[in-house]
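# Notes for the structure review
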Amino acid sequence: MKNSKLLNVVLWALLILGFIGAAKVSYQNFTGSPCPHIASIPICYVVLAAYGLMMASMLIAKSGMKHYLFCIGWGTAFVIALAGSVAEVTAGGGVCPTSAGTGIRGATSGSIPLCFASLAMLVVILILFLSGPYKRACDIHNSKA
């Protein structure tokens, strides 16, 4: 039980960190710093919504809905982070916003493309979700059968 609570705390910390990071980039985009677009929608807003869905899934008690929301949010964020990371590598940089907070073209030495950070966080988030909330929901479901 102690391990389960620790998994939840770490999972919540990463979800909040991802949400705050996406909110910061979204705010910078809103105030003029560029963010890549899908059609006419800035990707940073989509990532913010995806992290929001993952956080909402943690608050919902109904296990079936929890998994759907988490999968939609995680899958969306993962595809964007993976595509951004691949584009960042193949284009030689300048695709993703950076940790320096200077937008997509203003990378400074030592700054990290945020799509790399998001991709790494999302892998850890998935592992924590599967080990914690998902496993508990499966155990509850299986005990009813």
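Residues numbered from 1 in each chain as written. Predicted model: local features only at pLDDT ≥ 70, side-chain atom pairs only at ≥ 80, totals over all residues. Heavy atoms only, no water.

This part is about the overall build of the protein. Along the backbone of the protein there are four helices and two strands. Reading the secondary structure of the protein in the N-to-C direction produces α-β-β-α-α-α. Within the protein, the fraction of its 145 residues that count as buried is 37%. (Helix = DSSP H or I, 4+ residues; strand = E, 2+ residues; numbered from the N terminus. Buried < 20%, exposed > 50% of the residue type's maximum accessible area, 1.4 Å probe, protein only.)

Attention shifts here to unusual backbone geometry. Phi is positive for Ala 39, which is not a glycine, with a value near 55°. Relative to the assigned elements, Ala 39 resides in the loop between strand 1 (37–38) and strand 2 (41–42). Note on Ala 39: relative accessible area 79%, which makes it exposed.

Bringing the environment of Asn 3 into the picture now. Counting through the fold element by element, Asn 3 comes out in helix 1 (residues 2–30). Separated by 129 residues in the primary sequence, Asn 3 and Gly 132 place their C-alpha atoms 8.9 Å from one another.

A word on the environment of Tyr 51. Locating Tyr 51 in the fold gives a position in helix 2 (residues 43–59). Put simply, Tyr 51 and Ile 20 are 31 residues apart on the chain and 9.1 Å apart in space, counted from C-alpha to C-alpha. Filtering out sequence-adjacent residues up to four positions away, Tyr 51 remains in contact with Leu 15, Gly 18, Phe 19, Ser 118, Met 121, Leu 122 and Ile 125. (Contact = heavy atoms within 4.5 Å.)

This part is about the nonpolar core. Counting residues in hydrophobic clusters, the biggest one holds 23 residues, and the most contacted among them are Leu 11, Leu 15, Tyr 51, Met 54, Leu 122 and Ile 125. Of all elements in the fold, only helix 1, helix 2, helix 3 (63–91) and helix 4 (114–144) reach the threshold of two or more residues within this core. In terms of residue count, helix 2 provides more of this core than any other element does, seven residues in total. Ignoring any residue separated from it by four or fewer positions in sequence, one finds Met 54 in contact with Leu 15, Phe 70, Gly 73, Trp 74, Ala 77, Leu 122 and Ile 125. (Core = buried A, V, L, I, M, F, W, Y, C linked by side-chain atoms within 4.5 Å.)

This next bit is on the packing of aromatic side chains. Geometry of an aromatic ring pair is reported as the spacing of the ring centres plus the angle between the planes. Counted according to the given criterion, the structure contains two aromatic pairs. Measuring from centroid to centroid gives 4.7 Å for Trp 74 and Phe 78, while their planes differ by 10°, and the two rings are stacked. Placement of the pair is Trp 74 and Phe 78 together in helix 3, with a separation of four residues, close to one helical turn. You can call Phe 78 partly exposed: its relative accessible area is 22%. (Phe/Tyr/Trp six-rings, centres within 6.5 Å; stacked < 30°, edge-to-face > 60°.)

This paragraph deals with the state of the cysteines. Scanning the model with the defined rule gives one disulfide in all. Between the sulfur of Cys 96 and that of Cys 115 lies a disulfide, 2.1 Å long from S to S. Judged by the torsion about the S-S bond (100°), the Cys 96/Cys 115 disulfide is right-handed. With Cys 96 in the loop between helix 3 and helix 4 and Cys 115 in helix 4, the pair connects residues that are 19 residues apart, well separated along the chain. Its relative accessible area of 5% is what places Cys 96 among the buried residues. (Disulfide = S-S within 2.5 Å.)

When pLDDT is averaged across the protein, the result is 84; 90% of the residues are at 70 or more. Highest mean pLDDT in the protein belongs to helix 2 (93); lowest belongs to strand 1 (82). (pLDDT = per-residue confidence, 0-100.)

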